[in-house]
Amino acid sequence: MAQVGDSFTIGGYRPGLIGRLTALHARYYAESWGFDLSFEVQVAGELSAFMRDFVPGRDGIFAAYAGEDLAGAAAVDGKDAAGEGARLRWFIVAPRFQGAGLGRAILREAVSLSDLAGHPRMFLWTFRGLDAARKLYEEAGFVLSVEHEVRQWGNRITEQKFTRIHPKGGRP
């Protein structure tokens with residue numbers, strides 16, 4: 001378990017994490033971006049499947065807490081690390097905890113696990129407009145590799161894929 005300043009601890013799974021992380025995503029993206037029920041359903045289903053199939057060392061879940069409050073999280077899904085790459089998923093910091101360096105700390109933990117696992121490449125999907133997150137991705141070595149408009153989650157967004165090559169090499 002990692003300590004971030006005096007306020008946050010970052011650890012792995014705790015009972016209730018799937019529901020709490022799904023709720024954090026659902027509330028934030030509905031309130032801030034107008035995403036509909038289909039987004040929450042997708043997060044809940046995919047996060048549940050990820051945790052069911054979780055392989056320690058290949059995959060990682062990083063949940064940050066301020067006391068008992070879920071402050072943020074991210075996951076590394078390494079099941080296709082040899083193919084498309086390990087996928088950074090469900091990266092979020094609750095709005096009231098943003099700006100405290102927590103996102104950077106969570107992302108550092110996730111990238112470190114991916115590198116230590118030897119995943120040659122890491123990628124993530126996001127969308128245009130999440131500028132603070134994009135800055136963190138770029139600081140961690142991710143580069144924009146795909147961008148296109150889609151209609152999903154009751155909204156029209158410009159979806160973006162960011163990719164990071166392991167510092168000791170990997171396929172471009």
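Since we're looking at a predicted model, the values are computed, not measured. (Residues numbered from 1 in each chain as written. Predicted model: local features only at pLDDT ≥ 70, side-chain atom pairs only at ≥ 80, totals over all residues. Heavy atoms only, no water.)

How two helices sit against one another is set out by the angle between their axes and by the gap between those axes. For the pair helix H1 (residues 17-33) and helix H2 (residues 37-52), interaxial distance at closest approach is 9 Å and the crossing angle is 155°. It follows from the interaxial angle that H1 and H2 lie roughly antiparallel. The way H1 lies across H2 gives a crossing that is right-handed. Between H1 and H2, the contacting residues are Ile-18, Leu-21, Thr-22, His-25, Ala-26 and Tyr-29 on the first element and Phe-39, Glu-40, Val-43, Ala-44, Leu-47, Ser-48 and Met-51 on the second. Partitioned by chemical class, the residues of the contact of H1 with H2 number 9 nonpolar, 3 polar and 1 charged. (Axes fitted to C-alpha atoms, helices over the stretch in contact; angles between N-to-C directions. Helix = DSSP H or I, 4+ residues; strand = E, 2+ residues; numbered from the N terminus. Parallel < 35°, antiparallel > 145°, perpendicular 65-115°, else oblique. Left-handed = near helix turned anticlockwise from the far one by under 90°. Contact = heavy atoms within 4.5 Å. Nonpolar A, V, L, I, M, F, W, Y, C, P; charged D, E, K, R; others polar.)

The subject of this paragraph is the pattern of salt bridges. What the rule picks out here adds up to 14 salt bridges. The salt bridge involving Asp-77 is made with Lys-79; its shortest N-O contact spans 2.9 Å. Assessed through its relative accessible area of 58%, Lys-79 is described here as exposed. Across the pair Arg-134 and Glu-138 runs a salt bridge whose closest N-O atoms are separated by 2.8 Å. Here Glu-138 and Arg-134 lie together in helix H4 (residues 131-139), a separation of 4 residues that amounts to about one turn. (Salt bridge = Lys/Arg side-chain N within 4 Å of Asp/Glu carboxyl O. Buried < 20%, exposed > 50% of the residue type's maximum accessible area, 1.4 Å probe, protein only.)

Once that is clear, we can look at H1. Helix length check: H1 (17 residues) gives 23 Å between terminal C-alpha atoms against 24 Å at 1.5 Å per residue, within 8%. All buried positions along H1 are accounted for by Leu-17, Leu-21, Thr-22, Leu-24, His-25, Ala-26, Tyr-28 and Tyr-29. Along its buried surface, H1 packs onto H2, strand E3 (60-66), strand E4 (69-77), strand E5 (86-93) and strand E6 (121-127). After H1 finishes, the residue Gly-34 shows a positive phi value of roughly 75°. (Expected span 1.5 Å × (residues − 1).)

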